[in-house]
Every structure is written in C-alpha cells, then in structure tokens.
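# Geometric and topological summary
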Amino acid sequence: MMLAIREIQRGKGRFATIVAALSLIVFLVLVLGALADGLFYGATGAVRSTSAAAYVFSGDAEGSLVRSRLDESDVAAVAAAPGVEQAGPVGVLLTGGAGPQGPVDLAVFGIEPGSAGTPTTLVEGRLPEAGEAGAAAADTRLRDDGVAVGSTIAVGGIPATIVGFVADSSYQLQPTLWTSVGTWREMRDAVRPELRGQPTAISAIAVVAPASTDLAQIAAAVTGATALSAEQTGLAIPGVEQQSSTLNSIIYTTLAVAGLVVALFFALLVLEKRELFAALKALGSSTGRLGRGVILQAAIASVLGVVLGALLARLFGLVIPPEVPTLFRTDTLVTIAIFTLVAGVVGALFSLRRIARIDPATAIGGAL
Amino acid sequence: MTDAMTPGPTSEDPVLAATGSVPNGPGEPPALDATHHASALLRVSDVRKVYGEGHTEVVAVADATMAVDQGEFVALLGPSGSGKTTLISIVGGLLSPSGGTVTLGGSDVTGLSKKDLTAFRAERVGFVFQSANLVPFLTARENLLYVASLVKGTSRAQAQARADGLLEELGLGARAKNLPEQLSGGERQRVAIGRALMNDPDLVLVDEPTAALDTAMGRQVVELLRREIKGRGKTGIMVTHDLRMVEYTDRVFEILDGHLTHVEEPSALRH
Ligand SMILES: Nc1ncnc2c1ncn2[C@@H]1O[C@H](COP(=O)(O)OP(=O)(O)OP(=O)(O)O)[C@@H](O)[C@H]1O
Ligand SMILES: [Mg+2]
C-alpha cells in the first residue's frame, strides 16, 4: 500500500489529471441530478407533501388533478369505501394572482383543512382552519415575491390572507396556495367564468388509507372514477416521468463513462509500469498486492473526484438563476458518490488481468 | 559435467592464488562431484530448459549441474545466448525448468507452486538486475523498506534499522532520501545491492550488474558486492561478460550452448 500512496504523492501531476477528469464528470452528473430533482420535486411537491396516500379522479382525467371533475357528494362515497380512513375534497386551479410586489404564478389548492389532502410541511404560522374562508397557507417559494404572514394574495379579485407557509409544495413548478374549498371555488369562478354555476364541483378526492389498500375498490365507490397513489399521481403529471427517465439515463450513462475513463487511465498506467511490475514480482511481490495498490489508487482518485466535483457543483448551484429549478439533495449526492466509487474501482479491476499476465522472468537479464 | 563441482569452504587455492587472479579471496580447487559434496547450500542437478515446441524449440539450457557452498561467490560466464540468464532465473525461482532439480538448503525449489515461489523469492533470494530497476517514485531507503514489507511478520522498526545500516555500509547514508533519478548509475546499483540483501536471503543472484556502468564504477560495485556477500556469509552467483570482474569471485562456471562446466582458469576465454 505504501507503494500506491507514494506513487500518488510523488507523481501528483499525473493523478491530478485523473482526479480532474473525474471531478468534471461528477460535477456534470450532480448538476444534471440537481436539475432532475428540481424538476421532479418542483412538479410533484403538492401531491407528496400532504396527508393523502392516494387520489380519486374522474374517469376522463387520466390521473391529472387539473383535468379531473368530481362532485362534493362523491366524498362520502369514497370515505365509505373499504380501507379508507379519511377522504377529503381537493380543488385545483392553475392561475396567476396579485401578490404584494406584483403578479405571481400560482396553483390554488382548495382543501378541507384537517381532512385528507392537508399539507404536512408547515414551516411558519398555521394552516387555514376548518370553515375559515379567505385565509391561505402559501408555498415558501412565494417569500421570494415578498409574501409574508399577513400579506394578501388576490386571485381574480378574490383576496386571501396568508396565515402560514408550507415547504416543498410546488405543483407543476408553480408555488401553491392552500385555502378552503369555498374560497378556491370563488377564485375559480372569478378567473374561469365558463365554470360558474357548479357550486358543488371539486377536482379530485384525497384519500388517507393504509399502503396495502386496494385502490381499485376505492375507485369503484364513484362511477367511472380511477384512483392513483400519491406517488403515481406525481409521475402522472405531464412530463414528470419522461423528464426523470431522460435525465436519469443521461446520469447513468455519464457514470459509466467515468468507469471507462478510470479503466483506460489505469490500463495505460499499468502498461507503462510493466517493467517495474515485472521487477517487483521477481522480488517477491504478488499479483494481488500490486492489484490492490492499483485499486486503492482508483478509489483515492474517485473519492477526490467526488469531493471536488461536489464542491464545484455546489458553487455552481449558487450562481444558477432561480428560474431554473434545481435541488441539491444529499441522497442524490450519496447515490452518485457511491456509483462513482464503484465505477472507478470496477474500471481499475480491468487492469488486474493485465497485471496477472506480467511475467516476473522478464525482469532479469534485460535481454528478453 | 562431473568435474564441474564445488570445493569445501577451506581457504587455500594454490592454482588461483598462484596466478593472482583472485586477489580478494582465493577460491577452492574444484571438487570431484557435486553429489559427493554434501555440504553445498545450492545444488543444481541435471537442469534443462527448453523454450517453445516443435520446429520453434530452443534448448536454452541443455545440461547444468553445479553445487555452490554457503559463503561462496561464483561467476557465470558465457557468450550471448548461451543460457546464463535462463539458468539463474531457474535457480532464483523465476522460471521452472523443463527437467532436473534445484535445491536450496535442502529444500526443493522446482516443486514449489507459483504462490510459494513468490514467497521464496521474497524471503530467500536477492536479485540484482542488469539495470537497477529501482522503484522510481520511492527513495533509496523506501526501496529497501518495500522489499521488507513483502515478507510477513517483519517489524517496521527492525526493517528501518536494517535499511539504515545497509545504506550506511554501502556508502549511501547521505543519499537515503534521494529518489533513483537523483542518483548516479553506480549509486543506483548499490541501492539495488542493498535491496537484494534487505531480507537477509540465502542466495544473491546478479545478472550483469556492470553492463550500464563504466569500468571504474563497475569495479567498485562488484567489489562491494563481493564484500557484502562474503562478509554476510551469503551465497552469490554473478552473471558477467566482463572477464575483469571474474577476479572478485571465488570460482568460475562457464556455459556454452547450454552446457555448464566449471573452469579453473577463466583467462582461457580471452580472445
Ligand atoms: N522466453 C523465451 N522464449 C524463447 N526463447 C528464449 C526465451 N528466453 C531465452 N530464449 C533463448 O534461450 C537462449 C538462452 O537465452 P539466455 O537469455 O539465457 O542467454 P544469455 O546467456 O543470458 O544471453 P545474454 O548474454 O545475451 O544475456 C537464447 O537462444 C534465447 O534466444
Ligand atoms: Mg542474459
């Protein structure tokens, strides 16, 4: 092991090359990962950060909260379905509103506070209480638009007073406003005149039920309805699944390239050290010992690459404009770090065969 | 080959002493037969090495039998391609022979597995290669410590003390922290000698140690090699082309077309 470490210490320039290559790859992967997470979390926050385990949609909605149309009377039917612990109405409206500093994009969620579908990520203030009209909890992203507890946001002229903030609750990348179904409906009528005259309409029904519950039985409670788990509801949001799978395949391809880069680098290094390795074998060093040294070097290069790449990515994160949805998550960093390390070590493993084939007899004499 | 045999460890050689060709340590008169020479440390019996098969077959060593005592430093002479390197590679456990046996201190080297041969080389053989072949990114001292680390159970402190002692003895005390690229050719070859002696081997095998050195430097290195090998009671075999180096050895073996013979007067080789 001393051999491997000393080689790095005394040949820093050469190792800097592989570390630099790996850090750039890790940087690229982490930025892509942050973008993938940013898109995913920004699109699906509102369905992940509530008490709902599943949602019931009208048959023609194809799992989209925005497209779904149900009636308040369906809530009782769903609540009576087997396994359902709680059912609550959900109204969704993608629109714009007037904030304290000007217009803001919004996704207004009408819910029955305390029932299924209530946000669970309150970070400041409180949620609207049951039966309270004209009050709303806002997504923390709206703080950037000057919104604070006590501010007013108006949608189509209908005002709502902000009573609290909830985190990680964007919907289709728009910040959310959580209010009562009544206030939601007033706002809807104001900005969508064509929907007026439907005083009991809601978008979907949020359901609290154990994970083992049969969703088909819940859907059967309402004629023609469908039911999806909260996770599936997130993936059914237009573009979410496609974006995740595209970005993930880019990420994993890039990580495979990292393995290839390490494999090539160490293959070259071993080729260059053939003579030395033959001499060391002649002196009584085993293939295993020499191989472990190379793998240790690959592991050190990968760890340094991950550390530097992660630092670069975080620095880059500071200068990314806020309109670009990025989210640097520790789980993603850990996953990518593990993959890079594995790719590096697997890459170096390819050199083992080459080391094993070096014949110690070639060390002596110099004439062979 | 029965006359190519080893002497006992007595100290008078009337023939060589008379010619003055072995100034540093007279060799012994050749014994009659290795098989009668029970005390030999190294015994090479009927060793044969054939490379390739069929019409590409090369007989590198046709017939080699020799016995070398502990404390002896012998030369192996022969023209290019005669099988010198092949023979000492077999003796040092780097190559397996096509036939015959090599025993060192009574144990059979030719029967060892690949793994045991690796340990055998680390523990019992010291090699000095034609070009020093030091690890370029280790200092002189670290090159010595590296081979110590190949032997299980060596204490670090002991290895360090031994490395420092060897370097001092080889006149490299002030060079211990230098990398090979900062050393002269002769100094590098001296580090290689230190490395060969580091694990206190029974056998030191040297293949043309002076090939890359000028005459004066070459003499210095071989003289040192002799002093270390004799002083420590090691057994040494040195392959050389250079007849001037023969005077530092006790006895001379010559190999011609793969046939090994003991010669009394190496000057017979001069052209
Ligand atoms: N790996 C090998 N494969 C085939 N033939 C070989 C191999 N190694 C050596 N030989 C042949 O065996 C013979 C003896 O080679 P060896 O290297 O032992 O000679 P040498 O006496 O050391 O020569 P030199 O003085 O040039 O170093 C030569 O004819 C050589 O071509
Ligand atoms: Mg040779």
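Residues numbered from 1 in each chain as written. Chains lettered and ligands numbered in written order. Predicted model: local features only at pLDDT ≥ 70, side-chain atom pairs only at ≥ 80, totals over all residues. Heavy atoms only, no water.

### Structural notes on the site of ligand 1
As a matter of local geometry, ligand 1 sits amid 14 residues, with B:S80, B:G81, B:K84, B:T85 and B:T86 nearest to it. With respect to ligand 1, the chains having nearby residues are chains A and B. Here an oxygen atom of ligand 1 sits 3.2 Å away from a polar atom, N or O, in the main chain of B:S82. Contact distances for ligand 1 include 3.5 Å between an oxygen atom and a side-chain N or O atom of B:H241. Secondary structure elements with two or more residues in the shell around ligand 1: β2 (58-68) and α2 (84-91) of chain B. Per-element accounting of the shell around ligand 1 gives the leading share, three residues, to α2(B). Classifying every residue of the shell around ligand 1 gives five nonpolar, seven polar and two charged. (Near = heavy atom within 4 Å. Polar contact = N/O pair within 3.5 Å; in protein donor to acceptor, adjacent residues only side chain to side chain. Helix = DSSP H or I, 4+ residues; strand = E, 2+ residues; numbered from the N terminus. Nonpolar A, V, L, I, M, F, W, Y, C, P; charged D, E, K, R; others polar.)

### Considerations on unusual backbone geometry
It is generally the case that most residues other than glycine have a negative phi and that most peptide bonds are trans. Although it is not a glycine, A:Q172 adopts a positive phi angle of roughly 50 degrees. Mapped onto the elements, A:Q172 comes out in the loop between β8 (158-166) and β9 (176-180). One non-glycine residue, B:D257, lies in positive phi territory at about 50 degrees. Along the polypeptide, B:D257 turns up in the loop between β9 (251-256) and β10 (259-263).

### Focus on helix α4 (residues 140-149) of chain B
Burial analysis of α4(B) places eight of its 10 residues in the buried class, which makes it a mostly covered element. Looking at α4(B), one finds that the buried residues are B:A140, B:E142, B:N143, B:L144, B:L145, B:Y146, B:V147 and B:A148. (Buried < 20%, exposed > 50% of the residue type's maximum accessible area, 1.4 Å probe, protein only.)

### Examining a positive patch on the surface
All names here are of chain A. Together, R274, R353, R354 and R357 make up a region of like positive charge exposed at the surface. Following the sequence through the fold, R353 ends up in helix α10 (residues 330-357). On the basis of relative accessible area, R353 is assigned to the exposed category, the value being 56%. (Patch = residues over 30% accessible without salt bridge, like charges linked within 9 Å, V, L, I, M, F, W, Y side chains within 5 Å. Areas by Shrake-Rupley, 256 points an atom, 1.4 Å probe, with all protein chains shown as cover. Salt bridge = Lys/Arg side-chain N within 4 Å of Asp/Glu carboxyl O. Lys, Arg positive; Asp, Glu negative; His and termini not counted. Charge placed at Lys NZ, Arg CZ, Asp CG, Glu CD.)

### What about the pairing of strand β1 (residues 42-51) of chain B?
Residues and elements named next belong to chain B. Strand direction decides the pairing type here: β1 and β2, joined by seven bridges, are antiparallel. Each bridged residue has a counterpart across the sheet, and for Y51 the counterpart in β2 is V58. Between the end of β1 and the start of β2, which pair antiparallel, lie six residues, with G52 showing a positive phi angle near 70 degrees. Relative to strand β4 (residues 99-104), β1 runs antiparallel, the two being bridged by five bridges. When the sheet's bridge partners are listed, L42 is paired in β4 with L104. (Pairing = 2+ DSSP bridges.)

### Thoughts on the interface of chain A and chain B
Taken together, the contact pairs 24 residues of chain A with 27 residues of chain B. Across the chain A/chain B interface, buried area totals approximately 2400 Å², and carbon plus sulfur atoms make up 66% of it. Connecting chain A to chain B are two salt bridges. Where A:R10 meets B:E142, a salt bridge forms, and the shortest distance between an N and an O atom there is 2.7 Å. Elements that contribute at least two residues to the side of chain A that touches chain B include exactly α1 (2-10), α8 (274-282) and α9 (287-319) of chain A. Counting residues per element, the side of chain A that touches chain B draws most heavily on α8(A), which supplies six residues. (Contact = heavy atoms within 4.5 Å. Buried area = accessible area lost by both parts, 1.4 Å probe.)

### Describing the domain arrangement of chain A
All names here are of chain A. Domain parsing of chain A yields domain 1 (2-43 + 240-363) and domain 2 (59-224). Distance from the C-alpha centre of domain 1 to the C-alpha centre of domain 2: 46 Å. With six residues of domain 1 at the contact, the number on the domain 2 side is five residues. The tally of links from domain 1 across to domain 2 stands at zero salt bridges. One can count two residue pairs in polar contact (both at pLDDT 80 or more) joining domain 1 with domain 2. Split by residue class, the side of domain 1 that touches domain 2 holds four nonpolar, two polar and no charged. (Domains from an automatic or database assignment.)

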